[in-house]
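As a plain string of letters, each chain reads:
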Amino acid sequence: MATDAPPPSKETHKLPSPEEFTEVQESAEFGELRRSHRSFAFPLTIGFIAWYLLYVLLSNYAGDFMGTKVFGNINVALVLGLAQFLTTFLIAWWYSRHAAAKLDPKAEAIKTRMEGGA
C-alpha cells in the first residue's frame, strides 16, 4: 500500500523542558492559536448542539409537523434527520479546511521552534 507520507526522519529532536512548555503556553503566539481554534470550534459546536436539540424536541413535541409529507413517503422528520448527517459532514469538512489554513501553520511553527529547528 503506497502513501504520500514521507519516511520517518532519522534526525533526533530535542525534547523541550517543562519550563519551555510553560513559556510557550504563555506566549502570545500560542494564545493566538488557541483563540483561532476556539473562535471557530465553540460557535459551531453550540450551533450544532442547538440544531440537534431542535430536531429531538420537534420529534417529541411536534409529531404532526414532523409527519408532514414533503413528497411521496418522504416526510419532514426524514428530511431533517438526513440533514443532521449532512451538517455533520459539512462541519467536519469546514473544520478541516480551517485547520489546514489557519491552525496547522501556527502549530507547526510553534512545534519547530520548540524542537530546536528555528
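In this text, all values refer to a predicted model and were calculated from it rather than measured experimentally.

Definitions and limits used
Residues numbered from 1 in each chain as written. Predicted model: local features only at pLDDT ≥ 70, side-chain atom pairs only at ≥ 80, totals over all residues. Heavy atoms only, no water. Helix = DSSP H or I, 4+ residues; strand = E, 2+ residues; numbered from the N terminus. Buried < 20%, exposed > 50% of the residue type's maximum accessible area, 1.4 Å probe, protein only. Contact = heavy atoms within 4.5 Å. Phe/Tyr/Trp six-rings, centres within 6.5 Å; stacked < 30°, edge-to-face > 60°. Core = buried A, V, L, I, M, F, W, Y, C linked by side-chain atoms within 4.5 Å.

Engineer: Please clarify how the environment of Gly63 should be interpreted in this entry.
Structural biologist: Residue placement: Gly63 occurs in helix α3 (residues 63-66). Between the alpha carbons of Gly63 and Val76 there is a distance of 9.9 Å; along the sequence they are 13 residues apart.

Engineer: Looking at this model, I keep getting lost on the side chain of Gln84. Mind explaining?
Structural biologist: Tracing the backbone through its elements, the reader meets Gln84 in helix α4 (residues 76-114). Residue class for Gln84 comes out buried when judged on its relative accessible area of 8%. If we ignore the near neighbours within four places in the chain, the residues touching Gln84 are Phe48, Trp51, Tyr52 and Tyr55.

Engineer: Sorry if this is basic, but what is going on with the packing of aromatic side chains here?
Structural biologist: What describes a pair of aromatic rings is the distance from one ring centre to the other and the angle between the planes of the rings. Evaluation of the coordinates by the stated rule reveals 2 aromatic pairs. Between Phe40 and Tyr95, the ring centres sit 5.9 Å apart and the planes meet at 45°, which makes this aromatic pair tilted. With Phe40 in helix α2 (residues 28-61) and Tyr95 in helix α4, this residue pair connects regions lying 55 residues apart in the sequence. Classification of Phe40 as buried rests on a relative accessible area of 11%.

Engineer: Mind showing me how you'd approach the nonpolar core here?
Structural biologist: One broad rule of soluble globular proteins: the nonpolar side chains tend to lie buried together. Counting 6 residues, the largest nonpolar core is built from Val24, Leu33, Ala99, Leu103, Ile110 and Met114. With 4 residues, α4 is the single largest residue contributor to this core. The residues contacting Ala99, other than those within four sequence positions of it, are Asp104 and Pro105. Core analysis: the next-biggest nonpolar cluster, separate from the first, contains 5 residues, Tyr55, Met66, Val76 and Leu80 among them.

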